[in-house]
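# Results of the structural survey
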Protein chains: 2
Amino acid sequence: MSADVALVNATVATMEGHGYGLLEGASIGILDGIIDSVGPGRPQAADIVDLGGRLVTPGLIDAHTHLVFGGNRAREFELRLGGATYAELNESGGGIRSTVRATRAASTDDLVGDATRRLGWLVGNGATTVEVKTGYGLDVATELRMLEAIDRLRGGPADIHATLLAAHTVPHEYADDRAGYVQLVVEELIPSSVGLAQSVDVFVETIGFTAQEADQVLAAGVAAGLRASVHADQLTLGDGCHLAARYGARSADHLEHADAAAVEVLASSGTVPVLIPGASSFLDEPARPPVDLLRDHGLQIAVATDLNPGTSPTASLPLAMHLSCVRFGLTPLEALHGTTTAAAAALGLSDRGRVHEGQRADLAVWDVTHPSELSYWVGAPLCTTTFVAGAMTKELA
Amino acid sequence: MSADVALVNATVATMEGHGYGLLEGASIGILDGIIDSVGPGRPQAADIVDLGGRLVTPGLIDAHTHLVFGGNRAREFELRLGGATYAELNESGGGIRSTVRATRAASTDDLVGDATRRLGWLVGNGATTVEVKTGYGLDVATELRMLEAIDRLRGGPADIHATLLAAHTVPHEYADDRAGYVQLVVEELIPSSVGLAQSVDVFVETIGFTAQEADQVLAAGVAAGLRASVHADQLTLGDGCHLAARYGARSADHLEHADAAAVEVLASSGTVPVLIPGASSFLDEPARPPVDLLRDHGLQIAVATDLNPGTSPTASLPLAMHLSCVRFGLTPLEALHGTTTAAAAALGLSDRGRVHEGQRADLAVWDVTHPSELSYWVGAPLCTTTFVAGAMTKELA
């Protein structure tokens, strides 16, 4: 059978098994957007692309982003570093509230435009699948507009996974009625998001939602057919991992303060830990996730950018991979699994993350000679192109 | 008088004074590679470039790089994170010795080719002046070939400042004759580098050179007409800053372990501290340079990438600026002075670093609305083009 496209003369990191699964001088045949063949042969194809020995990896998967938001918080970053206290920042309208205000004020077109630009940054650095959360609307109209904005990113240069994170923080107007906000999420937002969102997420944290509140949200989300995901143990040890396990969550994210019991329940439930080194770096956070425990339990470990305006304005998965190595001690091999095989698992997707016959033809091409370089160079433009379901996002130079 | 080029409709961060020196809706006239006018008027010019409100800053200046080297150390990075001990890495030929071996083995053409690629990374992220050190040859032939390679980078997309760092480490073959190596540097390398190098540098450190050895090198270098620069107090507190002051060094670099006395001598000698957040991040180094002391003494603080294969494979000044904020507590304003006005001072250059009449027309154009964003976004491709002495390095989209 003849392929539509054949990539020839490639070094392929298939990510099969626990290593890189390296093949040198290999070809990849693509038919109908699916990988049709991988190996030493040279497939027949209408379109032959000679990669000149360049590295091909699975397209990278960003399993945790807040890509859609109004404004940015660069000025707040400047004020904070200039010595403004948290109270002063709050008074000047800073913090997540400022992003909620800017997001509510932005038109859906503007939300889509800004997110498209940032999606281009991620794709330019090798991403082909990007999870995107809501959570800066915190009212029915704006959360649904965020879901609409996320939906409008589909058909672009990356496959999109939408997550309802209405339980990101309790909005100002519900400060004295937390139960009322949880009720709004459970009774209005979750039902309205079915068909638009694939997952439901909760920020389980002292400054977010209690275990009891999160339990209500996750129960309603899972009952509505959404996959659960949890922001767990970022700032303090809480019940996030236990809740994730209870609801068979696809992922538990952050984990800087997770303990052995938390890791054990993740292992028992098959929930994938997603590490967020960008936020750790941005916050200069001394606590580190329990990577050795995660390894001891044989867990797949995903790595994501957490691209967001407040704690991780991180536009590159290779940079997140680098930071996961220097801050959390992952190896470059683990970091690349973290944005391919493990990230696919963190999104509950089995059709991508490896270069293998039958997988989606989501691929990234890199101007390096060995995949360890992806986590090594810092801020270098190494990705020369990506393929999403077999379609090239930019021409090879 | 009519300009050659006029950039119109720009937001300009002139970096005049202690602030950003922001001008909105401004124009910049360029004549014979020099800034001829800056302000609200619209100069007559043969070539008008409408920036559509984009931000213009002085072209960024990287005051500390090791851009020229053979090979890379990505595999060593992988081995180290996989748990290999320092002894095992050494046995497997790792560490700086591996870069020395690869640099000696590389042809000058290959050294130039690899460095040109990495220079493109820096320029793509806004750099227009780049300092480049030798120090991976450590014999007369290879140190001079490194200077030749650096010289061949001139006339490219950035202005180049060459620094002889023959005193980077004692080469293997002189392990039992340190004095012999210092003598080689003083009597052969320094005299041979006159006319090719602008500066002489020494790594003053327990694993580098003693104060006494460094004193000999700096004395010889300064006597030969080179400007002094010193790697000081990176891993331990030493005499680097005191030596820098004694020789009127243009810069003292790293300073993680500098104390109050070290800062005082820098202030008294007008030596510019150059901070290296990329190496701090790569090594996950808990010690931080004494930024408050530097501020208290009114010192200009420069920020550089230290682009090198062993401890800072950092390809972007905005990323170094970001890391200087989150790790060292600089403000985005200080970080931008760190790569413009202070970096120019660190290289002893008074003709660049500000957007001002009479300065070189070295400029960077950015797709942001406020200069604080340059230190805020992490790994985003914000630079749309640069001008070096008035010549555009890539067309504006």
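Each chain has its residues counted from 1, running along the sequence as written. Chains and ligands are labelled sequentially in the order written, the chains with letters from A and the ligands with numbers from 1. For this predicted model, a pLDDT threshold of at least 70 governs which residues receive local features, and a threshold of 80 or more governs which side-chain atom pairs are given and counted, while totals over whole chains, interfaces and linings are taken from all residues. Side-chain figures throughout are based on the complete set of non-hydrogen atoms in the structure, without hydrogens or water.

### Some thoughts on the overall build of chain A
Condition: Where helices and strands are cited, they refer to DSSP runs of H or I of at least four residues and of E of at least two residues respectively, numbered from the N terminus. Every radius of gyration here is taken over C-alpha atoms, with the globule rule written as 2.2 Å times N^0.38, N being the number of residues. Buried residues are those whose accessible area, probed at 1.4 Å on protein chains only, stays under 20% of the maximum for their type, while exposed residues exceed 50% and partly exposed ones sit between those limits.
Secondary structure summary: chain A contains 15 helices and 16 strands in total. Taking 397 residues into account, the globule formula puts the C-alpha radius of gyration at 21 Å, and chain A, at 21 Å, falls close to it. Overall, chain A is about 65 × 45 × 45 Å in size when its C-alpha atoms are taken along their principal axes. Counting all 397 residues of chain A, 61% fall into the buried class.

### Some thoughts on the domain arrangement of chain A
All names here are of chain A. Condition: Segmentation into domains, and thus their bounds, comes from an automatic or database assignment. Whether two residues are in contact is decided by their heavy atoms, any of which lying within 4.5 Å being enough. Here the quantity called buried area is the total loss of accessible area, with a 1.4 Å probe, experienced by two parts when brought into contact, counted for both. Whenever Lys or Arg places a side-chain nitrogen within 4 Å of a carboxyl oxygen from Asp or Glu, that contact is recorded as a salt bridge. Pairs of N or O atoms within 3.5 Å make up the polar contacts considered here, provided that, within protein, one atom can donate a hydrogen while the other can accept it, and that residues adjacent in sequence are counted only when both atoms are side-chain atoms. Any residue outside Ala, Val, Leu, Ile, Met, Phe, Trp, Tyr, Cys, Pro, Asp, Glu, Lys and Arg is labelled polar, Gly included; the first ten of those are nonpolar and the last four are charged.
Per the domain assignment, the segments making up chain A are domain 1 (3-58 + 353-392) and domain 2 (60-346). The distance between the C-alpha centroids of domain 1 and domain 2 comes to 29 Å. Each partner contributes to the interface: domain 1 provides 25 residues, whereas domain 2 provides 25 residues. Of the roughly 1700 Å² buried at the junction of domain 1 and domain 2 (both faces included), carbon and sulfur atoms supply 67%. Our count for the contact surface shared by domain 1 and domain 2 stands at zero salt bridges. For the interface between domain 1 and domain 2, the tally reads five residue pairs in polar contact (both at pLDDT 80 or more). Among the secondary structure elements, those contributing two or more residues to the side of domain 1 that touches domain 2 are β5 (55-58), β14 (363-366), α15 (373-376) and β15 (383-388). Among the elements that make up the side of domain 1 that touches domain 2, the one with the highest residue count is β15 (four residues). Residue composition of the side of domain 1 that touches domain 2, by class: 13 nonpolar, nine polar and three charged.

### A closer look at the sheet that holds strand β8 (residues 159-167) of chain A
All names here are of chain A. We count it as follows: The rule for pairing is simple: two strands pair if DSSP sees at least two bridges between them. Between N-to-C directions, angles span 0 to 180 degrees; the directions come from axes that are lines fitted to C-alpha atoms, helices contributing only their stretch in contact.
Read across the open sheet, the eight strands follow the order β6-β7-β8-β9-β10-β11-β12-β13; overall the sheet is parallel. The strands lining the two open edges of the sheet, one partner per strand, are β6 (60-62) and β13 (302-303). When β8 meets strand β9 (residues 199-203), the two strands line up parallel, connected through three bridges. Directly across from A167, in β9, lies its bridge partner V202. The sheet strands contacting helix α7 (residues 211-223) are β8, β9 and β10 (227-232), and the helix crosses β9 at an angle near 175 degrees. Of the strands in this sheet, β6, β7 (127-133), β12 (272-275) and β13 touch helix α12 (residues 317-328), which is tilted by about 75 degrees from β6.

### Considerations on the relation of the copies chain B and chain A
Rule in force here: A least-squares superposition brings the copies together, and it is based on the C-alpha atoms of residues with pLDDT no lower than 70 in both.
The two copies are related by a screw operation: chain B maps onto chain A through 180 degrees of rotation and 0.0 Å of translation along the axis, at an RMSD of 0.0 Å. The two molecules are tied by a two-fold rotation axis, judged by turn and shift. Minimal C-alpha distance to the rotation axis in chain B is attained by B:G379, lying at 2.8 Å. The fraction of interface residues of chain B whose copies in chain A are also interface residues reaches 100%, indicating that both copies meet through the same surface.

### What to know about the confidence of the model for chain A
Stated formally: Per residue, pLDDT measures the predictor's confidence, with a range of 0 to 100.
Summary statistics for chain A give a mean pLDDT of 96 and a share of 99% for residues scoring 70 or more. Both scores are available for the predicted complex, with the pTM at 0.97 and the ipTM at 0.97.

### Remarks on the sheet that holds strand β6 (residues 60-62) of chain B
All names here are of chain B. Strand order in the open sheet formed by eight strands is β6-β7-β8-β9-β10-β11-β12-β13, and the pairing between neighbours is parallel. Two strands bound the open sheet, and with one partner strand each, they are β6 and β13 (302-303). Inspection of the sheet shows strand β9 (residues 199-203) paired to strand β10 (residues 227-232) by five bridges, in the parallel sense. By the bridge assignment, D201 is partnered in β10 with S229. Lying over the sheet, helix α4 (residues 108-124) contacts β6, β7 (127-133) and β8 (159-167), oriented at roughly 140 degrees with respect to β7. Where helix α6 (residues 178-193) meets the sheet, its contacts fall on β8 and β9, and the angle it forms with β8 comes to roughly 155 degrees.

### Describing the interface of chain B and chain A
Every contact between the two is made by 48 residues of chain B and, on the other side, 48 residues of chain A. In total, about 3800 Å² of surface goes out of reach between chain B and chain A, with carbon and sulfur atoms giving 61% of it. On the chain B side of the interface with chain A, the three residues burying the most area are B:E78, B:Y376 and B:W377, jointly 18% of the side's total. In this assembly, chain B and chain A are joined by four salt bridges. Here chain B is connected to chain A by 18 residue pairs in polar contact (both at pLDDT 80 or more).

### Looking at the nonpolar core
The cut-off we apply is this: Residues enter a nonpolar core if they are buried and are Ala, Val, Leu, Ile, Met, Phe, Trp, Tyr or Cys, with the set joined through side-chain atoms within 4.5 Å.
The biggest cluster of nonpolar side chains holds 194 residues, and the ones touching the most others in it are A:V68, A:W366, B:V68 and B:W366. Apart from residues lying up to four places away in sequence, A:W366 is in contact with A:R54, A:L55, A:T57, A:L60, A:N125, A:G126, A:P318, A:L374, A:L382, A:C383 and A:T384.

### A closer look at helix α1 (residues 74-81) of chain B
When α1(B) is considered as a whole, its buried residues turn out to be B:A74, B:E76, B:F77, B:E78 and B:L81. A positive backbone phi angle near 105 degrees is found at B:G83, which sits one or two residues after α1(B).

### Description of the pairing of β10(A)
All names here are of chain A. So the rule is basically this: With the strands pointing away from the viewer, any crossover whose connection runs clockwise from the first strand over the helix to the second is right-handed.
The element β10 is extensively covered by neighbouring structure, given that five of its six residues are classed as buried. Read as a crossover between parallel neighbours, the route from β9 over α7 to β10 is right-handed. Here four bridges tie β10 to strand β11 (residues 251-254), and the two strands are oriented parallel to one another. Following the sheet pairing, S229 is matched in β11 by S251. Handedness of the crossover is the feature at issue here: the chain leaves β10, passes through helix α8 (residues 240-246), returns alongside β11, and the resulting connection is right-handed.

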